[in-house]
Amino acid sequence: EKFRTGLEKTRTSFTSKVNDLVKRYRKVDEDFFEELEEIMISADVGVHTVLDIIDELKDVARTRNIQDPAELKSAISEKLAQMLHKEGNDGSLNIQSSGMTVILFVGVNGVGKTTTIGKLAHQLKNDGKSVLLAAGDTFRAGAIDQLEVWGQRADVDVIKHQEGADPAAVVYDSIKAAKARGVDVLLCDTAGRLQNKVNLMNELEKVKRVIQREVPGAPHEVLLVVDATTGQNAMNQAKTFGQSTDVTGLVLTKLDGTAKGGIVLAIRHELDIPVKLVGLGEKIDDLQPFDPDQFVYGLFS
Ligand code: GDP
């Protein structure tokens, strides 16, 4: 149900166009596929991905001898679900059953990193885990305060230094505190300034090295947060970060705020990074594990 509500904008735009298309055509032909292609591109599915989907749908239509547009419509949702079911463990986070789990969050400013950390802290607490937050974005003015606000909402503590401090030192202290308190999950925020990419990537590497040194096997997840409303920008950020840090999963935020939810398909098809979580609103409960079937249901029902 969360997916249905959260994907409403995409669904209204995408599904209504597909329905309209199905009504207008008597049989599945070249023009039909061309229009379908345009509809998908306008939902930000991404040209590359769209062409692959259309090719596969044409195959399906040929081999099953489908002429009726309505019949092809169910093949469309089948195809999309299949595509999302690709390899990778979408949706599930690598949370250790014993010992401390460390999750590192990366992503550019404004994508919803702090919000996601707050939401996830809340969820983990509801699951009976103890959680600590590390205020590793010491660069952006207000970032530490904002994380503290989320810490209060989720009722978890935040370890912080002054603005401008070394993020690796913040994370080091947070690990020490987490160990001393026997915390289950440590969620680490990081800076997201893009003005100086090389410095940012070096900083993230340094933070990661500290985590690796202090907690064997950690970080257990490096989650890249991207804003779905930015469409192809989100894709480019995923490519950039994916190259320089070992991203283990994606968080796609603000799916509720866009008619271009198709970006999920593009990212899933064109990159080899699983989608772990999706943000479907601004409230503390508006974070969901990514579920391919529910996603397609939310898109099409
Ligand atoms: P950060 O700079 O990456 O830490 O971004 P923030 O966490 O401060 O979020 C930036 C803005 O996006 C805030 O106004 C959030 O309320 C909003 N936001 C974050 N996630 C979502 C989401 O899933 N849906 C919607 N509609 N807004 C979101």
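Keep in mind that what you see is a predicted model, and the values were worked out from it rather than measured.

**Q** Explanation requested: the nonpolar core in the structure shown.
**A** Nonpolar side chains tend to gather and get buried jointly when the protein is soluble and globular. By size, the foremost hydrophobic cluster in this structure holds 105 residues, and its most contacted members are Leu36, Leu187 and Phe295. Here this core gets 7 residues from one element, more than from any other, and that element is helix H5 (residues 69-84). Residues contacting Leu187, with those up to four places away along its chain left out, are Ile103, Phe105, Ile117, Leu120, Ala121, Leu124, Val131, Leu132, Leu133 and Ala134.

**Q** Could you clarify how one ought to interpret the sheet that holds strand S3 (residues 157-159) in this entry?
**A** Strands in a sheet are paired, the pairing made by backbone hydrogen bonds, and the direction either parallel or antiparallel. Spatially, the 8 strands line up as an open sheet ordered S3-S2-S4-S1-S5-S6-S7-S8, and their pairing is mixed. Looking at strand neighbours, the two that pair on one side only are S3 and strand S8 (287-289), the edges of this open sheet. Sheet twist, expressed as the mean angle between neighbouring strand axes with direction ignored, is 25 degrees. Two elements, strand S2 (residues 131-134) and S3, share 3 bridges in a ladder whose sense is parallel.

**Q** Would you explain the site of the ligand in this entry?
**A** Around the ligand sit 17 residues, and of these Gly110, Thr114, Thr115, Gln146 and Glu282 come closest. A distance of 2.5 Å separates an oxygen atom of the ligand from a polar atom in the side chain of Thr114. Note that an oxygen atom of the ligand is positioned 3.0 Å from one of the backbone N or O atoms of Lys254. Starting from 580 Å² of accessible surface for the ligand in isolation, the protein chains cover 80%.

**Q** For this particular structure, what's the right way to read the packing of helix H4 (residues 47-63) against helix H11 (residues 263-270)?
**A** The geometry of a pair of packed helices is captured by two quantities: the angle between their axes and the separation between those axes. As a packed pair, H4 and H11 sit with axes 9 Å apart at the nearest point and diverge in direction by 85 degrees. Considering their axes alone, H4 and H11 lie roughly perpendicular with respect to each other. Between H4 and H11, the contacting residues are His48, Thr49 and Asp52 on the first element and Leu265, Ala266, His269 and Glu270 on the second. For the contact of H4 with H11, a count of residues per class yields 2 nonpolar, 3 polar and 2 charged.

**Q** Is there a simple way to explain the environment of Asn202 in this structure?
**A** Position of Asn202 among the secondary structure elements: in helix H9 (residues 197-214). Each C-alpha atom, one on Asn202 and one on Ala218, is 18 Å from the other, the two residues being 16 residues apart in sequence.

**Q** It is not clear to me how the environment of Gln212 should be interpreted in this structure. Could you clarify?
**A** Position of Gln212 among the secondary structure elements: in helix H9. A C-alpha to C-alpha distance of 9.6 Å links Gln212 and Val102, two positions 110 residues apart in sequence.

**Q** I would appreciate a short explanation of the pairing of S2 in the present structure.
**A** Taken residue by residue, a regular strand's side chains alternate between the two faces of the sheet. Here S2 shows no split at all, with Val131 and Leu133 on one side and Leu132 and Ala134 on the other all buried. Where S2 meets strand S4 (residues 185-188), 4 bridges bridge the pair, whose relative direction is parallel. The residue of S4 that forms the bridge with Ala134 is Cys188. Running through helix H7 (residues 143-154), the crossover from S2 to the neighbouring parallel element S3 is right-handed.

**Q** Can you walk me through the pairing of strand S5 (residues 221-227) in this structure?
**A** Burial analysis of S5 places 7 of its 7 residues in the buried class, which makes it a mostly covered element. Of the two faces of S5, the one holding Glu221, Leu223, Val225 and Asp227 and the one holding Val222, Leu224 and Val226 are both buried throughout. Relative to S5, strand S1 (residues 101-106) runs parallel, the two sharing 4 bridges. Within S5, the residue paired with Ile103 across the bridge is Glu221. For the crossover from S5 across helix H10 (residues 232-244) to strand S6 (residues 249-253), the handedness is right-handed.

**Q** When you look at the UniProt feature "domain: SRP54-type proteins GTP-binding" (unreviewed entry) in the protein chain in this model, what are you seeing that I'm missing?
**A** Residues annotated by UniProt as "domain: SRP54-type proteins GTP-binding" (unreviewed entry) correspond here to residues 274-287. Annotated as residues 274-287, this span is 0% helix and 43% strand, and its ends, taken at the C-alpha atoms, are 16 Å apart.

Rules used in this analysis
- Counting starts from 1 at the beginning of each chain's written sequence and moves along it residue by residue.
- Two thresholds apply to this predicted model, a pLDDT of at least 70 for residue-level local features and 80 or more for giving and counting side-chain atom pairs, whereas whole-chain, interface and lining totals are computed over all residues.
- As a rule here, side-chain values come from all non-hydrogen atoms in the structure, and water together with hydrogens is ignored.
- In plain words, nonpolar cores are sets of buried Ala, Val, Leu, Ile, Met, Phe, Trp, Tyr and Cys residues tied together by side-chain atoms within 4.5 Å.
- Three exposure classes are used, based on accessible area relative to the maximum for each residue type with a 1.4 Å probe and protein chains only: buried under 20%, partly exposed in between, and exposed over 50%.
- Each helix is a run of H or I in the DSSP string that is no shorter than four residues. Each strand is a run of E no shorter than two, and both are numbered from the N terminus.
- Two residues form a contact once any of their heavy atoms are found within 4.5 Å.
- We call two strands paired when DSSP finds no fewer than two bridges between them.
- Axis geometry follows a simple rule: fit a line to the C-alpha atoms, using only the stretch in contact for helices, then measure angles between N-to-C directions, giving values from 0 to 180 degrees.
- Any residue with at least one heavy atom within 4 Å of a molecule or strand is counted as near it.
- N or O atoms closer than or at 3.5 Å make up a polar contact, with two conditions inside protein: a donor-capable atom paired with an acceptor-capable one, and, for residues adjacent in sequence, both atoms drawn from side chains.
- To be clear on the numbers: accessible area is Shrake-Rupley with a 1.4 Å probe, and residue cover counts the displayed protein chains and nothing else.
- For classification, angles of less than 35 degrees are called roughly parallel, those exceeding 145 degrees roughly antiparallel, those between 65 and 115 degrees roughly perpendicular, and all remaining angles oblique.
- Gly falls in the polar group here, along with every residue not listed as nonpolar (Ala, Val, Leu, Ile, Met, Phe, Trp, Tyr, Cys, Pro) or charged (Asp, Glu, Lys, Arg).
- With strands facing away from the observer, any crossover in which the path from the first strand over the helix to the second runs clockwise is taken as right-handed.
- UniProt positions are given in the numbering used here, feature names are shortened, and annotations may be inferred rather than shown by experiment.

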